[in-house]
Amino acid sequence: MTDFQNSLRLVTAQTAQKTFCLFSSRRAQMKRAAMLIASLLFLVVLGNAAFAQVKVGIVLPTKDEPRWIQDQTRFLDALKTAGISAEVLFSQGDSAKERANVESLVSKGIKVLIICPHDGTAAAAAADVANKAGVKVISYDRLIRGTASVDYYVTFDSVQVGMAWGDYLVSKASGKGNNLYLYAGAASDNNAFLFFEGAWKVLQPKIADGTFIVRNSDKAVALSKKATLTRDEMASIIGQVTTNWNFADAKSKAEANLTAAKKEMKGTVYIAAPNDGTARAIADAFAADKDVTKYYITGQDAEIASIQYIIDGKQSMTVLKDVRILVKDAIAAAVDFLNGKVPPKTTTYNNGKVDVPAKPTMITTVTKENVKAAIIDSGYWPASNFKGL
Ligand code: BGC
């Protein structure tokens, strides 16, 4: 083989190798590019799916009370109108289930969590899970306590709710020595303290001056000279008169109180009942006692069954907390967060760890006198739900 032939073979071999390398690197490049495009497409589809599926997660405490079913219904209506994708889950009075609900929503890619805690302190762990995932946390109606992971609080003015009970009972009492029975919500619910604080603000001076005598809490009697109670002092009274927000507990507590009360502690009675479900249970127990000749009883939530009780004269008042407004405020706050904005604030609520910004909503007292205007004419419940209006 000549030198020329040799170098020709060498050049040919090198060229072939280079062409092969070039070709194979082109193939690899194309393959890489194709893979890149495919994964980008996958991410876009995935991202869109997550965004289109659940932007807002809503967690409510229980289906066992009409109050929270109402919130769900009104949320779903309002979300549909607002064109926001959201999912509502219930915790059924179980903090572990509540946390699992939050984890599931976070894994679905929510950007905002609206949560009404079953137990305000236990829910801190669930709020922390959401916060760590970069999700904005809105505490809904009840405040989550003991964590900085709460970005906003959508609420009614709960102190005003308790004051409305006090104002009503005071307006019906005359003279001295009127029998007063106090009942409270669940101690695990921060609202139970706010309602009690409001009621105490109005009732305490009237207990101190002898207008009322508390008949079912020796702790309240012992503290009756104190205008403002500490959280621990309130807890000691709530511990004696709690209903745990449970109708059966409310009924048996009222029955036990009536069994323990002497005849002179009955007659005309004034009852601060913490919400409509428990008010109906307590009212039924007092109505069944032959030594109770007349009772005045409070409530809250404007539940359909309690509006009927008011029409029938079996419950004296309720507090309308217009859930339509609360839902609207919660969705507006969620939209603000989704758009990187901060929702409006008129005050703050300390949750034991931080001051949580809020813009509380006003409440309305409903009695037989204004029930038609406040409930029917306002469109809150249709007249067809009631008899004897
Ligand atoms: C709510 C009330 C409700 C109660 C029992 C409170 O935190 O503010 O509207 O009746 O819980 O569920």
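Residues numbered from 1 in each chain as written. Predicted model: local features only at pLDDT ≥ 70, side-chain atom pairs only at ≥ 80, totals over all residues.

Notes on the overall build of the chain
Each helix and strand in the chain was counted, giving 13 helices and 13 strands. Within the chain, the fraction of its 389 residues that count as buried is 42%. In the chain, the proportion of contacts linking residues at least 24 apart, taken out of those at least 6 apart, comes to 72%. (Helix = DSSP H or I, 4+ residues; strand = E, 2+ residues; numbered from the N terminus. Buried ≥ 20, exposed ≤ 12 C-beta atoms within 10 Å, placed from the backbone. Contact = placed C-beta atoms within 7 Å.)

Focus: helix H2 (residues 66–82)
Since there are 3.6 residues in each turn of an α-helix, residues three or four apart along the chain are aligned in direction. The end-to-end C-alpha separation of H2 is 24 Å, in line with the 24 Å expected for 17 residues at 1.5 Å each. Inspection of H2 places Arg-67, Asp-71, Phe-75 and Leu-79 among the buried residues, and these make up the whole buried set. Buried residues in H2, looked at end-on, bunch into an arc of 95 degrees, giving them a common side. Opposite the buried face of H2, by more than 90 degrees, sit the exposed residues Asp-77, Lys-80 and Thr-81. For H2, the secondary structure elements touched by its buried residues are strand S1 (56–60), strand S2 (86–90) and helix H12 (323–338). Taken from the residues just after H2, Gly-83 is the one with a positive phi, measuring 70 degrees. (Expected span 1.5 Å × (residues − 1). Arc of directions from axis to C-beta.)

Describing the packing of helix H3 (residues 95–107) against helix H4 (residues 124–132)
At their nearest, the axes of H3 and H4 sit 9 Å apart, and the two run at 10 degrees to each other. It follows that H3 is roughly parallel to H4 by the angle criterion. Residue-level contacts link Glu-98, Arg-99, Val-102, Glu-103 and Val-106 of H3 to Ala-125, Ala-126, Val-129 and Ala-130 of H4. Along the lines of polarity and charge, the residues of the contact of H3 with H4 split into six nonpolar, no polar and three charged. (Axes fitted to C-alpha atoms, helices over the stretch in contact; angles between N-to-C directions. Parallel < 35°, antiparallel > 145°, perpendicular 65-115°, else oblique. Nonpolar A, V, L, I, M, F, W, Y, C, P; charged D, E, K, R; others polar.)

As for the packing of helix H9 (residues 247–260) against helix H10 (residues 276–287)
H10 packs onto H9 with a crossing angle of 30 degrees between their chain directions and a minimal axis gap of 8 Å. You can see that H9 and H10 cross each other, and the crossing is right-handed. Counted together, Phe-247, Ala-250, Lys-251, Ala-254, Glu-255 and Leu-258 of H9 and Gly-277, Thr-278, Ala-281, Ile-282, Asp-284, Ala-285 and Phe-286 of H10 form the full contact between these two elements. Of the residues assigned to the contact of H9 with H10, the class counts are eight nonpolar, two polar and three charged. (Left-handed = near helix turned anticlockwise from the far one by under 90°.)

Topic: the site of the ligand
Near the ligand, the surroundings consist of Glu-65, Arg-67, Asp-141, Arg-142, Gly-185, Asp-189, Asn-191, Trp-245, Asn-275, Gln-300 and Asp-301. Within the shell around the ligand, the residues separate by chemical class into one nonpolar, four polar and six charged. (Near = placed C-beta within 6 Å.)

Describing the environment of Arg-145
Along the chain, Arg-145 falls in the loop between strand S4 (136–140) and strand S5 (152–154). Along the sequence, Arg-145 and Gly-120 sit 25 residues apart, while their C-alpha atoms lie 5.4 Å from each other.

Some words on unusual backbone geometry
In this model, Asp-141 sits at a positive phi of 65 degrees, which is unusual for a non-glycine residue. Looking at the secondary structure, you find Asp-141 in the loop between S4 and S5. Of the residues examined, Asp-141 has 24 C-beta atoms within 10 Å and is grouped as buried. If you check the backbone angles, Asn-244 has positive phi at about 55 degrees while not being a glycine.

Some words on the sheet that holds strand S9 (residues 292–297)
In space, the four strands of this open sheet follow the order S7-S6-S8-S9, with parallel pairing throughout. With one partner strand each, in any of the chains shown, strand S7 (212–214) and S9 form the two edges of the open sheet. With direction set aside, neighbouring strand axes in the sheet form an average angle of 35 degrees. Two strands pair when backbone bridges link them, and strand S8 (residues 267–272) and S9 are joined in this way by five bridges, in the parallel orientation. Across the sheet, residue Gly-267 finds its bridge partner in S9, namely Val-292. (Pairing = 2+ DSSP bridges.)

Description of helix H11 (residues 304–311)
Considered for burial, the residues of H11 that qualify are Ser-306, Ile-307, Tyr-309 and Ile-310. Taken down its axis, H11 places every buried residue within 155 degrees of arc, on the same side. Against H10, strand S10 (317–320), strand S13 (364–367) and helix H13 (371–377) lie the buried residues of H11.

Focus on the environment of Lys-328
Its place among the elements puts Lys-328 in helix H12. A count of 17 C-beta atoms within 10 Å places Lys-328 in the partly exposed class. The sequence separation of Lys-328 and Phe-75 amounts to 253 residues, and the corresponding C-alpha distance is 8.2 Å.

Focus: the confidence of the model for the chain
The predicted model of the chain has a mean per-residue pLDDT of 91, with 86% of residues at 70 or higher. Across the chain, the element-wise mean pLDDT spans from 51 in helix H1 (residues 3–53) up to 99 in strand S6 (residues 178–182). Taken as a whole, residues 1–8 scores under 50 in pLDDT and shows one contact with residues more than four places along the chain or in a different chain. Scored below 50 in pLDDT, residues 19–23 makes zero contacts in the model with residues more than four places away or belonging to other chains. (pLDDT = per-residue confidence, 0-100.)

Structural notes on the nonpolar core
Grouped together as the largest cluster of nonpolar side chains are 100 residues, with contacts concentrated most on Leu-113, Ile-114, Ile-115, Ile-138, Ile-271, Ile-282 and Ala-330. Taken domain by domain, the makeup of this core includes at least three residues from each of domain 2 (53–156 + 324–358) and domain 3 (158–320 + 366–385). (Core = buried A, V, L, I, M, F, W, Y, C linked by C-beta atoms within 7 Å. Domains from an automatic or database assignment.)

Overview of the environment of Thr-228
Mapped onto the fold, Thr-228 is located in the loop between helix H7 (218–222) and helix H8 (231–241). For Thr-228, a count of 10 C-beta atoms within 10 Å puts it in the exposed group. A C-alpha to C-alpha distance of 7.3 Å links Thr-228 and Lys-201, two positions 27 residues apart in sequence.

Description of the pairing of S8
Each regular strand shows side chains that alternate between the opposite faces of the sheet. The pairing of S6 with S8 spans four bridges and is parallel. Counted as the bridge partner of Leu-180 is Tyr-270 from S8. Following the backbone out of S8, through H10 and into the adjacent parallel S9, one traces a crossover that is right-handed. (Right-handed = clockwise from strand over helix to strand, strands pointing away.)

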